[in-house]
Amino acid sequence: MGSIPDPGDISGGLNPPSFDDFQKQTSLMTSCTLLWKELSDHFTSLEKNLQKKSEALKNKFQTLDHHTKESLGVLKKREVTIDGSVEIALGKVEESREAALIALLKGTQDGEVDDSEGLLLKLKSFCLKMDSKEFWRFITARKKELDVLRAQTPEALAECVDPAKFVLEAISEVFPVDKRVEKSERSNDLGWACVLVLESLIPVVVDPVLGKSRLLVTPSVKERAKDIAETWKASLDQRGGIENVKTPDVHTFLQHLVTFGIVKEEDVDLYRKLVVGSAWRKQMPKLAVSLGLGDKMADMIEELVNRGQQVDAVHFTYEVGLVDKFPPVPLLKAFLKDSKKAATSILEDPNNSGRAVNLAGRKEQSALRAVIKCIEEYKLEAEFPPENLKKRLEQLEKAKTDKKRPAAVPANKRTRASNGGPMPPAKAGRLTNAYVSSFPAAPTFIRSPSHTQYPAAVPAYPYDRPAAPAMYGSRSPPANPYAYSPEAAPPLAGSYPGAPINYPAYGGYGNGMAPAYQQAYY
């Protein structure tokens, strides 16, 4: 019988596998294992990503369902409240119509309005008659009574049959295009009146049930308001472009959009540029939020800071709650530092030599007032005490007052500044050949006969014209007490602080003046 070969026998039978074959198989197994692991990780990653996307889609569907339910609820509420709102509006219209008829039958007196109650009655009479032209004339003639008008105009507009239409007709004389034939510098800017009337219209047209979410403005009036807004935008080039358009015009346009609820999403960039260009207006932060610029406010604040409008930036930060991101105190201190640099550059400018002191002084005073007002408005006294700022402002105002105060001159006796001798008669310089001098006359300063018709009086300020040395005898004329002199100027002598003030890092307010000027003011 044939024998079965022993598997362990490697001496006979088939050729045994070599060591290289084993290594190849081992490498192949390792490669397969790595490939399997890589594929497994890849599919695991895909599964996780699909799970995340599925969760995200699920959340979006839930959010969409929630918003849909909310929107349907709001629509249902609006639909339910339409009848009630319309009934209320019709009741007001009927009351206004009856009141207008009574006013027309009784007539009105055209006497002077001497109190707030009389002013309100007058405004109501115009609104009852829908006399927009007389209403506008009455408003624009009383800018000094702005606070009273702001309080009473909404109540008066409520008497109109159609308040929105009435307001558009009232401001149509100057907005969107100024149609006046005769203009004067004093009455040229009526933007304040437009803004006043547009602001006063808001509480009148809000829905009595839903509030500001629905405005009681007829479709025809709203379309007219949109056309007016488009007309204003088209006239921007005529007004000098976005950079040069006047702030009152910008304010009126933006308030018009907010009042009639006609803000356009595609015009957000235009609104942003207009708001930043007129950011110093008190109402701009609130208008910016109403225009839908809340998500762009951080960038707008950065732009204001870069433009040196730190005080305006502080107002915007408080309006949108970005105080933590833009702390107000460092911004105010940076504003003071920038204003001091600007004042110093004015002093050093040779083109402003005649009025540099006044310009620089006014620059610093304006900055101090703005910062003090901001500190008080937002209760920042603990972080930025305003006492030293107020003292500095008082010093500057006193210096300005002392500079304007004329020198005291005796009524009957006029004396020389050099030796106290009597002055010539006041009219001596006006008489021919009547020049009188009680001082040694230098030949080079003897008056020419052709000049005797001019007065010989001393000029009011030494820098008005050069003083003749003969007036002071052998002595030199005294130094100009109003001239800018960092070393010799006494405190509060009427001049602006002598040496440029270098601000340390929010530290003391030091300069080259007497110790009274060296107090730290923040």
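Our structure's up above, just so we're on the same page.
Let me sum up the structure you'll find in this document. This one's a predicted model, so the numbers in the text were calculated from it and none came from an experiment.

**Thoughts on the packing of helix α13 (residues 328–348) against helix α14 (residues 356–377)**
- Relative orientation of the contacting elements α13 and α14 amounts to 175°, with a least axis distance of 8 Å. The angle between the axes of α13 and α14 places the two elements in the roughly antiparallel class. Along the contact surface, α13 presents L332, F335, L336, S339, K340, A342, A343, I346 and L347, while α14 presents A356, V357, L359, A360, K363, E364, A367, L368, A370, V371, C374 and I375.

**Observations regarding helix α7 (residues 219–234)**
- Between its first and last C-alpha, α7 extends 23 Å over 16 residues, near the 22 Å set by a 1.5 Å rise per residue.
- Turning to α7, its buried residues number three or more, namely V221, A225, I228, A229 and W232. Summarising the axial view, the buried residues of α7 lie within an arc of 100°, below the 170-degree limit, and thus occupy one face. Set apart from the buried face of α7 by more than 90 degrees, the exposed residues are P219, S220 and A234.

**Remarks on the packing of helix α5 (residues 163–171) against α7**
- Running from N to C, α5 and α7 point in directions that differ by 30°, and their axes come no closer than 10 Å. With respect to their mutual orientation, α5 and α7 come out roughly parallel. Crossing handedness for the pair α5 and α7: left-handed. Facing A164, K165, L168 and E169 of α5, the residues of α7 in contact are V221, R224, A225 and I228.
- Across the contact of α5 with α7, the residue classes break down as five nonpolar, no polar and three charged.

**Quick notes on the layout of surface pockets**
- In this model, the largest pocket occupies a volume close to 1300 Å³.
- As for the largest pocket, its lining consists of 43 residues, of which R281, K282, Q283, P285 and K286 are closest to the centre.
- For the lining of the largest pocket, the secondary-structure elements that each account for two or more residues are α4 (146–157), α6 (191–205), β2 (211–215), α8 (247–260), α10 (284–290), α12 (310–320) and α14.
- For the lining of the largest pocket, the per-class residue count stands at 22 nonpolar, nine polar and 12 charged.

**Concerning the environment of R281**
- When you line up the elements, R281 lands in the loop between α9 (268–277) and α10.
- Between the C-alpha atoms of R281 and P248, which are 33 residues apart in sequence, the distance is 9.3 Å.

**So, the pattern of salt bridges**
- Evaluated as defined, the whole model comprises 17 salt bridges.
- Between E397 and R369 there is a salt bridge, and its shortest N-O distance comes to 2.9 Å. In this pair, E397 is assigned in helix α15 (residues 387–404) and R369 in helix α14, connecting sequence segments 28 residues apart.
- Judged by relative accessible area, E397 falls into the partly exposed class, the value being 31%.
- R369 sits in the partly exposed class, given a relative accessible area of 40%.
- E376 is paired through a salt bridge with K390; the nearest N and O atoms lie 3.3 Å apart. In this pair, E376 sits in helix α14 while K390 sits in helix α15, placing the two residues 14 residues apart along the sequence.
- Residue E376 is classed as partly exposed on the basis of its relative accessible area, which comes to 36%.
- According to the relative accessible area criterion, K390 is partly exposed, its value standing at 36%.

**Describing the pairing of β2**
- In this structure, strand β1 (residues 206–207) lies alongside β2, joined through two bridges in antiparallel fashion. In the sheet register, V206 faces β2, and the bridge partner there is L215.
- Taking the residues that link successive antiparallel strands as the turn, the β1-β2 hairpin has three residues.

About the cut-offs
Residues numbered from 1 in each chain as written. Predicted model: local features only at pLDDT ≥ 70, side-chain atom pairs only at ≥ 80, totals over all residues. Heavy atoms only, no water. Axes fitted to C-alpha atoms, helices over the stretch in contact; angles between N-to-C directions. Helix = DSSP H or I, 4+ residues; strand = E, 2+ residues; numbered from the N terminus. Parallel < 35°, antiparallel > 145°, perpendicular 65-115°, else oblique. Contact = heavy atoms within 4.5 Å. Expected span 1.5 Å × (residues − 1). Buried < 20%, exposed > 50% of the residue type's maximum accessible area, 1.4 Å probe, protein only. Arc of directions from axis to C-beta. Left-handed = near helix turned anticlockwise from the far one by under 90°. Nonpolar A, V, L, I, M, F, W, Y, C, P; charged D, E, K, R; others polar. 1 Å grid on protein atoms, 1.4 Å probe; cavity = no way out; pocket = protein on both sides within 12 Å on 5 of 7 lines; lining within 4 Å. Points joined across faces, edges and corners; volume = space filled by probe spheres on them. Salt bridge = Lys/Arg side-chain N within 4 Å of Asp/Glu carboxyl O. Pairing = 2+ DSSP bridges.

Function cannot be inferred from these measures alone, as they are strictly geometric.
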